[in-house]
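Survey of secondary and tertiary structure
What follows is each chain in one-letter form.
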Amino acid sequence: MKAFVVDKYNKKRMLRLAEMPVPNVGDSDVLVEVHAAGLNLLDSKIRTGEFKLILPYRRPFILGHDVAGTVIRAGSKVRKFKPGDDVYARARDGRIGAFAEFIAMDEADVALKPKNLSMEEAASIPLVGLTAWQVLVERANLRKGQKVFIQAGSGGVGTFAIQLAKHLGATVATTVSAASAGLVKGLGADVVVDYRKDDFENVLSGYDVVLNSQDAKTLEKSLNVLKPGGKLISISGPPDPEFAREKGLNLVLRTLLRLLSRGIRTKARRRGVNYSFLFMWAQGYQLSKITALIESGAIRPVLDRVFPFESTNEALAYVETGRAKGKVVVKVR
Ligand SMILES: NC(=O)c1ccc[n+]([C@@H]2O[C@H](COP(=O)([O-])OP(=O)(O)OC[C@H]3O[C@@H](n4cnc5c(N)ncnc54)[C@H](OP(=O)(O)O)[C@@H]3O)[C@@H](O)[C@H]2O)c1
């Protein structure tokens, strides 16, 4: 099968289009014929080697986390899916490989594709949808009437998180550049701050939750918009000791992450707010809840561009500009 592989960790090196064997199908796996694959900054960070200590892969390996396609084979212990089912998933860490014609995944990571979405639309959802779900529902326990500040509302995570927070009944503030104000208002944002003109910390206060996805300066400023007892949840770092424990990292890495996050944890504690880092995980059950929300019309995908499979490198370069409005997808078949 055709697949885009990482041969060497290198900032400048592109993915290589290679002929690779169709993956083996374990007892709990489904083999999916890939119709579309979604792209994420995580793909870039893995391509360059930025994540190699935390997520080691033996090269060459096939890149790509988000996938939509059709089950063509099911392992002997698979209970939830059968050949012919249209599904989508965020492939789990250690078993990625969505930029390919086929991918084998544990059935626990997979969910039925929302019936009202095309394959390209469905492939745009899993990683950002699960991130928003795990931050807002699982970690923050966001409730009706609470206030949440979601940074970068026009990005992949932001466009999904705004809609999920509105569905949960929260008041949503977000940052965008002026050109995207209409987009995020259309998704339900109540307070829209132009980050190129205004400083959000002068505009927002008394928030229950902040979803931080930007740099260290933004993270620190975010402390000022929270009310006492509020939660600052960062998906862009720094990772905290709890994350290091969950990942089973060695003592050196655990110490390093403790030191990296000490500053923000101390500042958060002094202000009476809670800081935590979240690294999203594959979860078919949560994704099936997202399927229901999409089919009910509560959440819709926001696609910026669809590239042909052969242009996966160009698609990744576009994601790396950091300017995409919503999601970028490659159409595989
Ligand atoms: N920990 C996890 O599990 C996890 C999961 C998903 C994502 N992430 C991380 O979260 C970050 C966001 O991911 P993403 O997929 O949403 O990114 P993305 O889709 O590439 O974000 C692009 C968007 O960000 C906006 N933007 C850029 N700088 C901004 C700023 N200073 N303030 C407000 N908006 C800004 C851009 O709007 P303009 O062009 O108008 O500026 C653009 O629309 C990335 O660092 C990613 O790696 C982490």
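These numbers come from a predicted model, not from an experiment. (Residues numbered from 1 in each chain as written. Predicted model: local features only at pLDDT ≥ 70, side-chain atom pairs only at ≥ 80, totals over all residues. Heavy atoms only, no water.)

**Regarding the overall build of the chain**
To keep it simple, the criterion reads: In this text, helices come from DSSP runs of H or I with a minimum length of four residues, and strands from runs of E with a minimum of two, each type numbered from the N-terminal end. Only C-alpha atoms enter the radius of gyration, while the globule expectation follows 2.2 Å times N to the 0.38, with N the number of residues. Between buried and exposed lies partly exposed: a residue is buried under 20% and exposed over 50% of the maximum accessible area for its type, with that area taken using a 1.4 Å probe on protein chains only. Throughout, a contact is declared for two residues whenever any of their heavy atoms are within 4.5 Å. Only the protein chains shown count as cover for residues, and the accessible areas themselves come from Shrake-Rupley with a 1.4 Å probe. For the charge count, each Lys or Arg is scored as positive and each Asp or Glu as negative, with His and the chain ends excluded. Think of each charge as sitting on NZ of Lys, CZ of Arg, CG of Asp or CD of Glu.
For the chain, the count of helices and strands is 11 helices and 16 strands. Computed over its C-alpha atoms, the radius of gyration of the chain comes to 19 Å, within 12% of the 20 Å expected for a compact globule of 333 residues. For the chain, the spread of C-alpha atoms along the principal axes amounts to about 55 × 45 × 40 Å. Classification of the 333 residues of the chain by burial places 55% in the buried group. Taking the contacts inside the chain whose residues are at least 6 apart along the sequence as the reference set, 69% of them involve residues at least 24 apart. For the chain, the accessible surface area stands at approximately 14,700 Å², while carbon and sulfur atoms represent 50% of it. Averaging the coordinates of the 51 positive side-chain charges in the chain and doing the same for the 34 negative ones gives two points 5 Å apart.

**Structural notes on the domain arrangement of the chain**
How we decide: Domain extents, as shown, originate in an automatic or database domain assignment. When two components associate, each loses some accessible surface as probed by a 1.4 Å sphere; the sum of these losses over both components is called the buried area. Just to be clear on terms, a salt bridge is a Lys or Arg side-chain nitrogen sitting within 4 Å of an Asp or Glu carboxyl oxygen. The term polar contact refers here to a pair of N or O atoms within 3.5 Å; inside protein, the definition further demands a hydrogen-donor-capable atom paired with an acceptor-capable atom, and it admits residues adjacent in sequence only when both atoms are side-chain atoms. Here the nonpolar group is Ala, Val, Leu, Ile, Met, Phe, Trp, Tyr, Cys and Pro; Asp, Glu, Lys and Arg are the charged ones; every other residue, Gly included, is treated as polar.
In terms of domains, the chain is made up of domain 1 (2-124 + 301-331) and domain 2 (128-277). Measuring from the centre of the C-alpha atoms in domain 1 to the corresponding centre in domain 2 gives 26 Å. Both sides of the domain 1 and domain 2 interface together cover about 980 Å² of buried area, and 64% of this is carbon and sulfur. Area buried by domain 1 at its contact with domain 2 is led by I54, V302 and K325, which between them contribute 46% of it. Put simply, domain 1 and domain 2 have one salt bridge between them. In this structure, D93 and K247 form a salt bridge, with 3.6 Å as the shortest nitrogen-oxygen distance. Linking domain 1 with domain 2 are two residue pairs in polar contact (both at pLDDT 80 or more), by the criterion used here. A per-class count over the side of domain 1 that touches domain 2 returns five nonpolar, three polar and five charged.

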